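# Examining the three-dimensional arrangement
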Amino acid sequence: MLHLLHHPGWHAPGQTAQPLPLTVPAALLVVLATEGGWRTREQLAAVFWPEATPEDARHHLRINLHRARSVLTAWGAPEGLEAERHRVRLTAPCDLVPLDDTATAPQHPGPWLQGWHLGGYEGFQEWRMAAQRRLLDRWQRAAVQAPSTAPSKAPSTAPGPARAAAPSTGARSLPGRDAELAALQRAPHPAVVVLGEPGAGKSTLLAAAFPGSPVLRGLRGLDRLPYRPVLDALRQHTAQLERALADPFSRLRPYRLDLARLMPELAPDEALPPLDALTARTRLTEALVRAFEQLAPLLVVDDLQWCDGATLEWLALLAHDGRLRWRAAARSTELAGAPQELVSDLELAGRLQTLRLGPLPRQALSAVCLWQLGAGGAGGVNDAADWPDAALDRLHVLGGGNPFLIGELVRLHRDALLEPGAAGGVQGGVQASVQVEVAQLVQRRLQSLPRAAAEAVRMAAIFQQDAPAVGLVDEAPAAARQACEAAAQAGLLRALGSGYVCAHDLIRDAVLAALPEPGVQALHRRAALWLAAQEHPAPDALVIAHHWEQAGEAQTCLAWLHRGALQLKARGRFDEARERWHRVAQASLDAAQGLRARLELAACDLFDDLARGEAALRGVQAQLHAVADLSARRLLEGQLCTALVDNRVFAGDIASARQHAARLRELLPDLGPAAQVEAHEVLIELAMREPDIPAAWASLGEVRRLAPRRPSLLSWEGQIHWFGGEVQPAHDALSRLLALHPEYCSGMTIENDLAVMLHALGRVDEALSMIRRALVSWAGVPHAEALSLLVLGVILISAGRHEESDEALQRSLALARAQNSPGFETEGLVRLARLRLAQGRPAEARQLLREAEAFVAESPEPLRVSHWIWAETLCAERLAEALSPASRSRLQAMTGLSQHPLVHLRWARVRWAWAHAAQDAAAATAAAEDMARLAERGPLPESQAEAWRLLALTAADARSAQALEARAQALALKCGFALPRVPAAFSAA
């Protein structure tokens, strides 16, 4: 049989499986097996040779069909391919239901043809991705619309269905709930919530309706930990996710690093790119949707009332989007706050339906008794007819129609219920509270267990999430497993994932309620210590903080809360991270810990409000003396200086950044490797702007030594090349980074920086495309969006699209002012002045330059200052005003500080303006020739064209002038930019 679902290849009974070769003949077999039935030869050829002539395509197809038959012959299926003059079909057996087979329920395609990439045949890759989407869509529709017949279990690496589903009895529906089961399976809404009292059978009903679907479990006490249920559910399918992420053509692949923010084990050796709150949350949300789409068409949510805010937001998005449906269970008695708002809002919007489970009817109890005996393994009476009406009447009164309580009564008091004379152990009358009665039953059962098994149950109640046997019982692994299995046999634990949990929330509640406060604290302390010692996967700091808090260890809790806030920030949950850091800063008795939290709070302002961020950092600086330990104080000061350099560089305050950098360099030996990497990266930012290119390369060398696999190395390399005047190497480094790590575009400004290089190299259309990509990647992030709009504005000026440029630059200016960034504001003003010059409005340009003058007067940055002086000179030239000797002298001095060709080109252009004002044709020619040489060496085509036009003004004869003008026109046409304006020709004198 041809296997395509899991390990592509030919699997014959009693023979070694033969892998599917990466060849065109094998790919032909894949297409035929997937599409099913007869395919015309033209249809097949179009998949592989869409650009070929019909004759060539048919020739290629004929050859490869012959080879495909040879492959089948080698597999022992020579008759598996049937060919006629105009059509072909595969008759060999295959594990994949063909796309044209609508009578058979489709299988879940899973990570289809994992890693099967046929180089050079992009048409086949496009077909493969489209076919996978169609297969998945068919499977989702079948699984949701007809779950009783369509297989609804996706391929999974979980140990078995009982471990993947919610209750261990998920394969069978509870008797007496047939109507509810049918209503749940037929519900057309994107979301459905099943409401009922504890023990009403909500989870059992969901598991019976959608067996094998991933289960998100809300956990009492952990309802403030973002994405906790989502993370637990995904970790049940880690292996399957890893396979999908390894496939370069998977729809999940571009979101690999976003998913790693939640599951670091998916990218253990990679530094995640820094992200702002909006981008991180948006990408993580989409990553989670695509991850679950790999697993199933529908999600089950257990105990919705205990789900956290982030999970609830995500579920709301799913309900509105409709791509991935979900069905939830919630306790009607405890649904309040955010979960209740979610249900109400979605119900009002017509996206959610509620179903209510009432008490079981008396007539269902006979079947329930049989069901419970079979499910629980109680043995003895196995025929419903053995239960007399009197016993069922007593059970109905005692159980109040609650399935879980009925099950506990049947399990523990079967004989008493069946024999009225022996019923003394069973209480009479309708129970006022299911929880009270269950608590009594659970305690009796717990007391009958061996010590280790009872210990496992108590620890499982403390952990709440699944934990391995060795985490629940302080014994050797074999003894720990034996104790957990004994508790599972008693119905108090059940297997889930790679560990165990309490068999029901009512059991967990009963166990916790019976524990004395000191005992609860001791168990929480033990849970915190055990979790902190785990390495794979990395422990969730917020969960550990929760256990320390419950253990009464407030200060230890704060230390883990700080680490948890870092995790929240990495996931884009900036508000929740700030809330935790505020709590640490206010409550910590450890001065160093409190200041670390305040440092992080200040860092959150880097992309929002630079002035507010600097003020917060200064506040931390004023309290450093409160840290008594010298090494801790120096480490904190180093991190503080790093943040201050970063803040001031982006604000354009280079003088202050230099002061902080001097102190940072003194502290570098006292910093750990991670802090040193961050320090050197901000020192690179400063060095490029001073400019001190050798210092920038030296810091990059240290980053490479400390973190040799850090993807940002290529980004820094490209930027240093740019500031050092090496345009083509800068472009090449960033192009390699984009090719190797496209997913980093929303964490680093790769597209933005590459657009600058493409524009400089005269590739205007490519630059526009790249900068628009950058705006999509960074939409809603003021800092990066302002930067991208500045670049877009200049590219549009070059292209002669002035109205679009005006809009982009005005938006950038508004964003810069909102962030309190005088550096960006100055750039916006100067580039707007450049636009006004291109529009022939020099008086307006001069007014804009005057607004920017105060900032430029203090700036030591050659690129920024030269840009302003160049624009000021052109304004004076157009207005026939006197040129500024001070500006000329300052720019001349700047050329000795920078190697960047733009600085030297601007200096040559200013020299030309002075020569033109003095009517010195020889000096003007020399300046224009310098421009041409510099531009050609760059290469910088826009400046090259301008230099040729300036040379035409002083050419020896009209023929030479025309030739230079023609060269400039041809270059402009080739690159896609509008020719720059030039002054009037020299006078005859």
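In this text, all values refer to a predicted model and were calculated from it rather than measured experimentally. (Residues numbered from 1 in each chain as written. Predicted model: local features only at pLDDT ≥ 70, side-chain atom pairs only at ≥ 80, totals over all residues. Heavy atoms only, no water.)

## Some points on the pattern of salt bridges
Here the structure, examined in full by the defined rule, presents 60 salt bridges. The salt bridge partner of Glu576 is Arg573, with a shortest N-O separation of 2.8 Å. Each member of the pair, Glu576 as well as Arg573, is classed as buried. Of the charged contacts in the structure, one is a salt bridge between Glu844 and Arg841, with a shortest N-O distance of 2.8 Å. (Salt bridge = Lys/Arg side-chain N within 4 Å of Asp/Glu carboxyl O. Buried < 20%, exposed > 50% of the residue type's maximum accessible area, 1.4 Å probe, protein only.)

## Focus on the confidence of the model for the protein
Residues with a pLDDT of 70 or more make up 88% of the protein, whose mean pLDDT is 84. Low pLDDT (under 50) marks residues 146-172, which in the prediction has 69 contacts with non-local residues, meaning those over four places away or in another chain. (pLDDT = per-residue confidence, 0-100. Contact = heavy atoms within 4.5 Å.)

## A short note on helix 29 (residues 654-667)
The first and last C-alpha atoms of helix 29 sit 20 Å apart over 14 residues, in line with the 20 Å expected at 1.5 Å per residue. For helix 29, the set of buried residues is Ile654, Ser656, Ala657, His660, Ala661, Leu664 and Leu667. Looking down the long axis of helix 29, one finds its buried residues gathered within 145° of arc, a one-sided arrangement. Turned more than 90 degrees off the buried face of helix 29, the exposed positions are Gln659 and Glu666. Elements that come into contact with the buried residues of helix 29 comprise helix 27 (610-622), helix 28 (630-651) and helix 30 (673-689). (Helix = DSSP H or I, 4+ residues; strand = E, 2+ residues; numbered from the N terminus. Expected span 1.5 Å × (residues − 1). Arc of directions from axis to C-beta.)

## A word on unusual backbone geometry
Following Glu690, the chain continues to Pro691 via a peptide bond in cis, the omega torsion being -10°. Topologically, Pro691 is positioned in the loop between helix 30 and helix 31 (693-706). Following Gly938, the chain continues into Pro939 via a peptide bond in cis, with omega recorded as -15°. As for its position among the elements, Pro939 is in the loop between helix 43 (921-937) and helix 44 (941-953). The phi angle at Asn820 is positive, at roughly 60°, despite the residue not being glycine. In this structure, Asn820 sits in the loop between helix 37 (802-818) and helix 38 (822-838). Of note, Ala880 is a non-glycine position whose phi angle comes to about 55°, a positive value. Mapping Ala880 onto the fold places it in the loop between helix 40 (862-878) and helix 41 (885-895). Since its relative accessible area comes to 71%, Ala880 is described here as exposed.

## Some points on the sheet that holds strand 11 (residues 352-356)
With respect to topology, five strands assemble into an open sheet ordered 8-9-10-7-11, the strand pairing being parallel. In the strand order of this sheet, the two ends are held by strand 8 (215-217) and strand 11, each with one partner. Between one strand axis and the next, the sheet turns through 20° on average, direction left out of account. Sheet topology places strand 8 next to strand 9 (residues 298-302); three bridges connect them, and they run parallel. Bridge pairing in strand 9 links Arg217 to Asp302. Helix 13 (residues 337-348) rests against strand 7 (191-196), strand 10 (325-331) and strand 11 of the sheet, and its axis sits at about 120° to strand 11. (Pairing = 2+ DSSP bridges. Axes fitted to C-alpha atoms, helices over the stretch in contact; angles between N-to-C directions.)

## Describing helix 13
Side chains three or four residues apart in an α-helix point the same way, a direct result of the helix having 3.6 residues per turn. The terminal C-alpha atoms of helix 13, which comprises 12 residues, lie 16 Å apart, in line with the 16 Å expected from a rise of 1.5 Å per residue. Residues of helix 13 that are buried: Pro339, Leu342, Val343 and Leu346. The arc enclosing the buried residues of helix 13, seen along the axis, measures out at 90°, which places them on a common side. Residues of helix 13 that are exposed and point over 90 degrees away from its buried face: Glu341, Asp345 and Leu348.

## Describing the packing of aromatic side chains
Tallying each qualifying case throughout the model produces seven aromatic pairs. Between the aromatic rings of Trp10 and Trp75, the centroid separation amounts to 5.4 Å while the plane-to-plane angle is 15°, which identifies the pairing as stacked. Separated by 65 residues along the polypeptide, Trp10 in strand 2 (residues 9-10) and Trp75 in the loop between helix 3 (54-74) and strand 5 (81-83) bring together distant segments of the chain. Between Phe124 and Trp127, the ring centres sit 5.7 Å apart and the planes meet at 25°, which makes this aromatic pair stacked. Pair noted here: Phe124 and Trp127 are both in helix 4 (residues 122-145), with a separation of three residues, about one helical turn. (Phe/Tyr/Trp six-rings, centres within 6.5 Å; stacked < 30°, edge-to-face > 60°.)

## Thoughts on the nonpolar core
Counting 118 residues, the largest nonpolar core has Leu234, Phe292, Leu304, Trp314 and Trp326 as its most contacted members. Not counting chain neighbours up to four residues away, the residues in contact with Trp314 comprise Leu216, Val230, Thr285, Leu288, Val289, Phe292 and Leu299. By size, the runner-up hydrophobic cluster in this structure holds 72 residues, among which are Leu392, Leu449, Ala528 and Ala577. (Core = buried A, V, L, I, M, F, W, Y, C linked by side-chain atoms within 4.5 Å.)

## Some remarks on the sheet that holds strand 1 (residues 2-3)
If you trace the three strands from one edge of the open sheet to the other, you get 1-2-3, paired in antiparallel fashion. This sheet does not close on itself; its edge strands, each paired only once, are strand 1 and strand 3 (18-19). Pairing analysis gives two bridges linking strand 2 to strand 3, with the strands arranged antiparallel. Looking across to strand 3, one finds that Trp10 is bridged to Gln18.

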